[in-house]
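Residues per chain are reported as follows:
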Amino acid sequence: MAVDPLRFTDEDEAAYAAAGIVRVIGGAEDYAGEPTAEGWMYNCLQHTRDWEQALRTACRHTAETFRLFEWVEVPTDALHLHTLHEAELRRVLMAEGFREVGVTRGQFGRGIAMPTPFYAGLWERTDA
């Protein structure tokens, strides 16, 4: 299942359906549905109305494992409404009952004018 507020072309929607992926069209903050064993979030939170609510909602719909990749310390602009910080992401995940079991930090684009730092974490529910 994928939650996304964008509507895709018929061809792209058909590709999702062919792969067995159900698309829920709407904001991550507003999702209400059945929990999944795993939740995955990739480059999402900078583009939401309320990044913390979107992350909390995703956590509350994840039964066991949560995988998160987000760009951090990136200034806001017309497409990136929030500057995310690793410590804040970790605070929310811990408050929602997850513990970090794996982490990768780094920068994409070393050697270019503006390398972009990222945080990628693997989290498990503490009561799973």
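This text goes with the structure placed above it.
Residues numbered from 1 in each chain as written. Predicted model: local features only at pLDDT ≥ 70, side-chain atom pairs only at ≥ 80, totals over all residues. Heavy atoms only, no water.

A. Seen up close, the environment of Gly 121. In this structure, Gly 121 sits in strand E6 (residues 116-125). For the pair Gly 121 and Phe 66, spaced 55 residues apart in the sequence, the C-alpha separation amounts to 8.1 Å. Not counting the four nearest positions on each side in its chain, Gly 121 is found in contact with Phe 66, Arg 67, Leu 68, Gly 102 and Val 103. (Helix = DSSP H or I, 4+ residues; strand = E, 2+ residues; numbered from the N terminus. Contact = heavy atoms within 4.5 Å.)

B. Fine view of the nonpolar core. In this structure, Leu 45, Leu 55, Phe 66, Leu 68, Leu 89 and Leu 93 are the most contacted members of the largest nonpolar core, which totals 18 residues. Looking at this core, the elements with two or more residues in it are helix H2 (51-60), strand E4 (62-71), helix H3 (86-95) and E6. For this core, the leading source of residues is H2, giving five residues. Other than its neighbours up to four places away in sequence, Phe 66 contacts Gly 39, Met 41, Leu 55, Ala 58, Cys 59, Leu 93, Phe 98, Gly 121, Leu 122 and Trp 123. Residues Phe 69, Trp 71, Val 74 and Phe 118 belong to the second largest nonpolar core, which totals five residues. (Core = buried A, V, L, I, M, F, W, Y, C linked by side-chain atoms within 4.5 Å. Buried < 20%, exposed > 50% of the residue type's maximum accessible area, 1.4 Å probe, protein only.)

C. Up close: the packing of H2 against H3. Here H2 crosses H3 at 35°, and the two axes come no closer than 10 Å. Handedness of the H2/H3 crossing: right-handed. Across the interface between the two elements, Trp 51, Glu 52, Leu 55, Arg 56 and Cys 59 of H2 pack against Glu 88, Leu 89, Arg 91, Val 92, Leu 93 and Ala 95 of H3. Broken down by class, the residue content of the contact of H2 with H3 amounts to seven nonpolar, no polar and four charged. (Axes fitted to C-alpha atoms, helices over the stretch in contact; angles between N-to-C directions. Left-handed = near helix turned anticlockwise from the far one by under 90°. Nonpolar A, V, L, I, M, F, W, Y, C, P; charged D, E, K, R; others polar.)

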